[in-house]
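Secondary and tertiary structure notes
Read off the chains here:
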Amino acid sequence: MTDKTVLIVDDEQPIRELLALYLVKEGFAVQEAADGAEALIRYQESKPDIIILDIMMPILDGIEVCRQIRKFSHIPIIMLTSRAEDDDRIMGLELGADDYVTKPFNPREVVARVKAVLRRQGMPQESSAAVLSYPHLVIDLDRHTVTAFDEEIPLANKELELLWYLASHPGLAFSREQLLESVWDYSYCGDTRTVDTHIKRIRKKLAVQAEPPWDIKTVWGIGYKFEVKP
């Protein structure tokens, strides 16, 4: 991955320097921005391959930066959040952020997330069997569309991938750790809330009618499964 560039956006210089140190050590090129406005300029200048984006910043916060970039680009974005920013974290994921890391973090974990997101982005999509059809639900992976009861449902990238993975294995229960490894492509790092957040968003978006013939069920003590009612 020595040809990949990471844009680090955080108003705290020590955090930028720490992440840059570990990323450069792994062979990445690094660009830095200290606020949201500078981030948009750096993005246009350097055309990075992935962005590490803090939420709480001056001038433009990370949520607005994510919103602006998603108007014209699908570049992978990993959000940096604090535990007190759950609402902003959820909004960032809804806007299309690919992942989030909670502060304080282990820089090695952030590097692992960067590698995983880039690795998944570079994987070719299967050209066959890219459509799943259930009663009143169609998931088209190639077109990146989900239709429920003839209504197109807007899902963020990871929401679609998670729904696709569960719906590809109806009736099978997966732990949060298994879903992290299969959908996000990284091993369990101690925080499975990202799975719960995405499941919550998917359920809310698919709730276009009461009691649909399918559902994402919580399997207590295990995780989640996609279930089709008889």
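Above this note sits the structure.
A look at the packing of aromatic side chains
For any pair of aromatic rings, the description rests on two quantities: the centre-to-centre distance and the angle between the ring planes. Under the criterion given, the structure shown has four aromatic pairs. Judged by centre distance (6.1 Å) and plane angle (40°), the rings of Phe 149 and Trp 214 are tilted. Linking Phe 149 in the loop between strand 8 (145–148) and strand 9 (151–153) with Trp 214 in strand 11 (residues 214–219), this pair joins segments that are 65 residues apart in sequence. Phe 149 sits in the buried class, given a relative accessible area of 17%.

Thoughts on the pattern of salt bridges
For the coordinates displayed, the defined rule picks out 17 salt bridges. Ionic pairing is found between Asp 10 and Lys 103, a salt bridge with its closest N-O pair at 3.1 Å. Here Lys 103 lies in the loop between strand 5 (99–102) and helix 5 (107–121) and Asp 10 lies in the loop between strand 1 (5–9) and helix 1 (13–25), a separation of 93 residues in the sequence. Both residues of the pair, Asp 10 and Lys 103, count as buried. Close ionic contact of Arg 113 with Asp 99 constitutes a salt bridge, the shortest N to O distance being 3.3 Å.

Considering unusual backbone geometry
Between Lys 103 and Pro 104 the backbone carries a cis peptide bond, its omega angle lying at -10°. In this fold, Pro 104 is placed in the loop between strand 5 and helix 5. One non-glycine residue, Lys 47, adopts positive backbone phi at about 45°. Here Lys 47 is to be found in the loop between helix 2 (36–46) and strand 3 (50–54).

Regarding the nonpolar core
One finds Leu 137, Ile 139, Val 146, Leu 163, Leu 206 and Phe 226 to be the most contacted residues of the largest nonpolar core, which totals 30 residues. Broken down by element, the residue count for this core peaks at six residues, all from helix 6 (residues 157–167). Not counting residues within four places of it along the chain, the set of residues in contact with Phe 226 comprises Tyr 134, Leu 137, Leu 163, Leu 166, Ala 167, Pro 170, Gly 171, Leu 172, Trp 214, Asp 215 and Ile 216. One finds Ile 55, Ile 63, Ile 69 and Ala 97 within the second-largest nonpolar core, a separate group that totals 19 residues.

Calculation criteria
Residues numbered from 1 in each chain as written. Predicted model: local features only at pLDDT ≥ 70, side-chain atom pairs only at ≥ 80, totals over all residues. Heavy atoms only, no water. Phe/Tyr/Trp six-rings, centres within 6.5 Å; stacked < 30°, edge-to-face > 60°. Helix = DSSP H or I, 4+ residues; strand = E, 2+ residues; numbered from the N terminus. Buried < 20%, exposed > 50% of the residue type's maximum accessible area, 1.4 Å probe, protein only. Salt bridge = Lys/Arg side-chain N within 4 Å of Asp/Glu carboxyl O. Core = buried A, V, L, I, M, F, W, Y, C linked by side-chain atoms within 4.5 Å. Contact = heavy atoms within 4.5 Å.

Honestly, that's just the spatial picture; any functional story needs more than this.
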